[in-house]
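# Inside the fold
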Amino acid sequence: MSIASIIRGRRSIKNGYKPDAVPEKLILELLNDAVYAPNHGLREPWRFLFIPTEKKEEFIERMMPVYPADQQEKRRALFSEPAAFLIVIMKEDPRQKQWEEDFSATSALIQNFQLLAWEKGLGVVWKTNPHNLDPKAHKVLGVQPGEKIVGFLHLGFFDPDKTPQAAPRTPAEEKFTRFE
Ligand SMILES: Cc1cc2nc3c(=O)[nH]c(=O)nc-3n(C[C@H](O)[C@H](O)[C@H](O)COP(=O)(O)O)c2cc1C
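Residues numbered from 1 in each chain as written. Predicted model: local features only at pLDDT ≥ 70, side-chain atom pairs only at ≥ 80, totals over all residues. Heavy atoms only, no water.

As recorded by an unreviewed UniProt entry, the protein carries the name Putative NAD(P)H nitroreductase and is attributed to Brevibacillus panacihumi W25. According to its UniProt record, the protein has this under Sequence similarities (unreviewed entry): "Belongs to the nitroreductase family." (UniProt positions renumbered as here; feature names shortened; annotations may be inferred.)

This is the structure:
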């Protein structure tokens, strides 16, 4: 498969996950390729928290107090859908230039991971729900002061026949100018 066809074919998998366990070995294999993302100063500003399938129920219970009582059932149902989670955490450099470089590098790593996962038939959606910024969630997840959750990835195998349709993209020509 060409890189172009993987980039074009990858879709965010937001539901319809199979209950099959997501092997930690696979996640590490994907991450060990994904870490070849460009990162300035080779700071490798990321770390990873994996919630394996067998720990999912405990994770959901521990996360419930993060949400107001009237939202907990909805959140429990949402967290129950994926088979596992991978949280990508970045060290926040206090200098703006380095922060931007590190955030960009971590985002590049996440896209590498999504493409590599796609090649292996593992569905991923990159989530940026408000809990990514919530100190209560940070406490549960062990996210330290000076760290930021960049990607809360929902993971699970899925039926390829149910791959969502791609939303059309605007041709680059329409957003392209030439310096005169
Ligand atoms: C930085 C980022 C944050 C995202 N956050 C969410 C999210 O919170 N919830 C969600 O359902 N999808 C989220 N997505 C997935 C996008 O909705 C998805 O990429 C978009 O709909 C295009 O679909 P595709 O990835 O299948 O091409 C996010 C994607 C990116 C890159």
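The UniProt record annotates "domain: Nitroreductase" (unreviewed entry) at residues 7–156. Segment residues 7–156 splits into 41% helix and 20% strand. End C-alpha atoms: 19 Å apart. (Helix = DSSP H or I, 4+ residues; strand = E, 2+ residues; numbered from the N terminus.)

By nearness alone, every residue bordering the ligand is listed as Arg10, Arg11, Ser12, Lys14, Val125, Trp126, Lys127, Thr128 and Arg169. Residue Lys14 places a side-chain N or O atom 2.8 Å away from an oxygen atom belonging to the ligand. Contacts to the ligand include Trp126, whose backbone N or O atom sits 3.0 Å from a nitrogen atom. Coverage of the ligand by the protein amounts to 62% of the 620 Å² it exposes when considered alone. Taken together, the residues that form the shell around the ligand break down as two nonpolar, two polar and five charged. (Near = heavy atom within 4 Å. Polar contact = N/O pair within 3.5 Å; in protein donor to acceptor, adjacent residues only side chain to side chain. Areas by Shrake-Rupley, 256 points an atom, 1.4 Å probe, with all protein chains shown as cover. Nonpolar A, V, L, I, M, F, W, Y, C, P; charged D, E, K, R; others polar.)

Take the packing of aromatic side chains next. In this description, a pair of aromatic rings is defined by centroid distance and the angle of the planes. Per the counting criterion, the structure on display carries nine aromatic pairs. Ring centres 6.3 Å apart and planes at 45° place the aromatic pair Phe59 and Phe152 in the tilted group. Here Phe59, found in helix H3 (residues 56–63), pairs with Phe152, found in strand E4 (residues 147–157); they are 93 residues apart in sequence, far enough to count as distant. Considering the side-chain rings of Phe79 and Phe85, the 5.4 Å spacing of their centres and the 85° angle between planes classify their relative orientation as edge-to-face. Through successive ring pairs, a cluster of aromatic residues spans Phe59, Tyr67, Phe79, Phe85 and Phe152. Across from the ring centre of Phe79, 4.8 Å away, lies the NZ or CZ of Arg75, which sits over that ring. (Phe/Tyr/Trp six-rings, centres within 6.5 Å; stacked < 30°, edge-to-face > 60°. Lys NZ or Arg CZ within 6 Å of the ring centre and 35° of its normal.)

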